[in-house]
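Notes for the structure review
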Amino acid sequence: MTEAQPTRPRPRAALAMSADTAAAVLDAESLAALGEVCDLVPPPVLDDLTTPRARAVLADVELLVTGWGCPPLDEEVLAAAPRLRAVVHTAGSVRGHVTGACWERGIEVSSAAAANALPVAEYTLAMILLTGKDVLEQARAYRTARARAAWRTLRTVGNHGRTVGILSASLIGRRVIELLRPHDLRVLLYDPYVTDADAEALGVERVGLPELFARSDTVSVHTPLLPETRGLVGRELIAALRPGAVLINTARGAVVDQEALTEAALAGRIRAVLDVTEPEVLPPDHPLWDCENVLITPHLAGSQGNEWRRLAGTAVAEAARWASGAGFLHPVRRERLAFQA
């Protein structure tokens, strides 16, 4: 008869995020699931890591479940959390709170970036197909005229054989490529870190950056905002877009030269779908607000409403894996930070 294996003690865990984030992302079911795998510190959540209560919690915590509004986990915070070994983030980017001190300490980090990539990719797919059919322009004209326009004969309208350019094979860029596969579209990719073999595996044509803009009917931007990508989509690339082409940006506003984009859109040369701008929000008198060639949405491509449950589910699963000793399925590696949002 074999001896029963000792069960692993449940790690002490706490929530570090804004109260609004916790209320939105972590419903009662998610909190109960976390409580099954961790010894979860009861509310309120930690949104200020300098208070006496926060310091008392940090002194004993092994795992932090973080979210939007989590303060930076700097040297001072880590000094108050000697037992902290892991961070599970309920959103995408960890740049706002995971500092160099965390990596120096060897703290393991996971994020729900993969889960958040899906709704962004879905938004992008929808916009590619809608703009290919001129849906926004046709709807506006229909509403104004209250009558159907004359039969459209423009060969540029429609999604049959259109060319879509993907800027960056990021998590989101790859999900967009995946969602585009069933459609009758030609997909180009620019990413300096992707090889020809990688591109072949993705089912796309790897091209240079100027060629991506010159050949595409739609260019979708998915590159993270890094020092070297700030203003990457500049005046020359925007000028290379063919007349009537669409630029979709769900990444970060500062990746695109907004002045050059504004000029091209106001001139009627190109169309744009912008879920992000620089700054965010644009000033009330900015001309893009009234430009009929541009659709601006309030940074809603990422997880919203019931999609937050996917983020919570990912975080719970990651916490369970880590608590069991299996390790994270979606780890964030320090050496990959330069290529991530």
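For the structure itself, look to the data block above.
My aim in this report is to walk through the structure given alongside it, one point at a time. Just so you know, these numbers come straight off a predicted model, no measurement behind them.

Calculation criteria
- Residues numbered from 1 in each chain as written.
- Predicted model: local features only at pLDDT ≥ 70, side-chain atom pairs only at ≥ 80, totals over all residues.
- Heavy atoms only, no water.
- Helix = DSSP H or I, 4+ residues; strand = E, 2+ residues; numbered from the N terminus.
- Buried < 20%, exposed > 50% of the residue type's maximum accessible area, 1.4 Å probe, protein only.
- Contact = heavy atoms within 4.5 Å.
- Areas by Shrake-Rupley, 256 points an atom, 1.4 Å probe, with all protein chains shown as cover.
- Lys, Arg positive; Asp, Glu negative; His and termini not counted.
- Charge placed at Lys NZ, Arg CZ, Asp CG, Glu CD.
- Axes fitted to C-alpha atoms, helices over the stretch in contact; angles between N-to-C directions.
- Parallel < 35°, antiparallel > 145°, perpendicular 65-115°, else oblique.
- Left-handed = near helix turned anticlockwise from the far one by under 90°.
- Pairing = 2+ DSSP bridges.
- Core = buried A, V, L, I, M, F, W, Y, C linked by side-chain atoms within 4.5 Å.

Notes on the overall build of the protein chain
Along the protein chain, the regular secondary structure elements total 13 helices and 12 strands. Taken along its principal axes, the extent of the C-alpha atoms in the protein chain is 80 × 50 × 40 Å. Taken over 341 residues, the protein chain has a buried fraction of 47%. The contacts of the protein chain with a sequence gap of at least 6 include a subset with a gap of at least 24, amounting to 65%. Just so you have it, the protein chain exposes about 17,100 Å², and 54% of that area is on carbon and sulfur atoms. When the 35 basic and 41 acidic side-chain charges of the protein chain are each reduced to a single mean position, those positions are 5 Å apart.

Description of the packing of helix α6 (residues 113-132) against helix α13 (residues 308-324)
The description of two helices packed together rests on the angle between their axes and the distance between the axes. In the contact formed by α6 and α13, the axes pass within 8 Å of each other and the chain directions differ by 160°. Accordingly, the angle class assigned to the pair α6 and α13 is roughly antiparallel. Crossing handedness for the pair α6 and α13: right-handed. Here α6 contributes Ala115, Asn116, Leu118 and Pro119 to the contact with α13, which in turn contributes Arg310, Leu311 and Thr314.

Remarks on the sheet that holds strand β4 (residues 86-89)
Read from one edge of the open sheet, five strands run β2-β1-β3-β4-β5, paired in parallel fashion. One side of each edge strand has no neighbouring strand; the edge strands of this open sheet are β2 (39-40) and β5 (108-110). Running over the sheet, α13 touches β3 (63-66), β4 and β5 and is turned about 160° from β4.

Re the sheet that holds strand β10 (residues 246-249)
Strands sit in the order β8-β7-β6-β9-β10-β11-β12 across an open sheet of seven strands; the sheet is parallel. A single partner strand is all that each edge strand has here, and the edge strands are β8 (205-206) and β12 (294-296). Across four bridges, strand β9 (residues 218-221) lies against β10 in parallel orientation. Paired with Val219 across the strands is Leu247, a residue of β10.

Description of the nonpolar core
Looking at soluble globular proteins, one finds that nonpolar side chains tend to be buried together. Among the nonpolar cores identified, the biggest contains 28 residues, and Leu212, Phe213, Val233, Ile238, Leu247 and Leu261 are the most heavily contacted of them. Only α10 (209-215), β9, α11 (235-240), α12 (258-266) and β11 (271-274) provide two or more residues apiece to this core. A per-element tally of this core places α12 first, with four residues. Look past the residues within four positions of Leu212 in its chain and what remains in contact with it is Gly165, Ile166, Leu167, Leu188, Leu189, Tyr190, Val207 and Val219. With 27 residues, the next largest nonpolar core counts Cys70, Leu78, Ala81 and Cys102 among its residues.

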